[in-house]
Amino acid sequence: MGVDGFKKIKGRKRTIVVDVLGMVLKCHVGAANQADVKAAPWVLFGVIETYERIVKILVDQGYRGDLEIDLSMLYDVELEVVEHPEKGFSVQPKRWVVERTWAWLENCPGLTRDYERLSENHQGMVYIAMIRLMLRRLDNNRRRWKQETA
């Protein structure tokens, strides 16, 4: 557990890697005061080794640093940092995919509060929420109700 001074929250910080559909490929749960750059190797290196066809990774400004050089040298993967404008609001390319995934995860009752003691258990809850979402999509997003027979 930690305190994120920027967002003024206590608890845990979730770092996820998603595909183009918004499905979670890998998740890391750490203390809230952990920098994004420190959590990135936990998720990115494992994902790149598992999914060898990854060529480009889009990241937020929090992942700026030596990570870009390490990824290009070790795995021949391009890391593109999305730039934010200095003033005002503008839609970032492909950022909505990740934001939509965060919204899906926030709809899960087990993830709205931090009930777990260990970060590994919280990480498992993220995977369970995504499994539930994928199963619902496989079932064409229909809930089946039993018809009463007379």
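Residues numbered from 1 in each chain as written. Predicted model: local features only at pLDDT ≥ 70, side-chain atom pairs only at ≥ 80, totals over all residues. Heavy atoms only, no water.

What about a nonpolar patch on the surface?
Applied cut-off: Patch rule: a residue counts if its relative accessible area is over 30% and it has no salt bridge; like charges are joined within 9 Å, and nonpolar side chains (Val, Leu, Ile, Met, Phe, Trp, Tyr) within 5 Å. Values of accessible area rely on a 1.4 Å probe in the Shrake-Rupley scheme; residue burial ignores everything except the protein chains shown. We define a salt bridge as a contact between a side-chain nitrogen of Lys or Arg and a carboxyl oxygen of Asp or Glu at a distance within 4 Å. In this description a helix means any DSSP run of H or I spanning at least four residues, a strand means any run of E spanning at least two, and both kinds are numbered starting from the N terminus.
A cluster of nonpolar side chains, contributed by Ile131, Met134, Leu135 and Leu138, occupies part of the molecular surface with about 410 Å² of accessible area. Structurally, Leu138 can be placed in helix α5 (residues 119–138).

So, the environment of Glu106
Put simply, the test is: When accessible area is computed with a 1.4 Å probe and restricted to protein chains, residues below 20% of their type maximum are described as buried, those above 50% as exposed, and intermediate ones as partly exposed. Contact criterion: two residues are considered in contact whenever any of their non-hydrogen atoms come within 4.5 Å of each other.
In this structure, Glu106 sits in helix α3 (residues 95–106). Since its relative accessible area comes to 38%, Glu106 is described here as partly exposed. On a C-alpha basis, the gap between Glu106 and Ala129 in space is 9.5 Å, while along the polypeptide they are 23 residues apart. Non-local contacts of Glu106, meaning those with residues more than four positions away in its chain, are made with Arg14 and Thr112.

Re the pairing of strand β4 (residues 56–59)
Stated precisely, the cut-off is as follows: Only strands that DSSP links by at least two bridges are regarded as paired with each other. With the strands pointing away from the viewer, any crossover whose connection runs clockwise from the first strand over the helix to the second is right-handed.
Where burial is concerned, the two faces of β4 differ: the one with Ile57 and Val59 is buried and the one with Lys56 and Leu58 is not. Sheet analysis places β4 next to strand β5 (residues 78–81), joined by four bridges and oriented parallel. Paired with Ile57 across the two strands is Leu79, which belongs to β5. The β-α-β motif built from β4, the intervening helix α2 (residues 67–74) and the parallel element β5 has right-handed crossover chirality.

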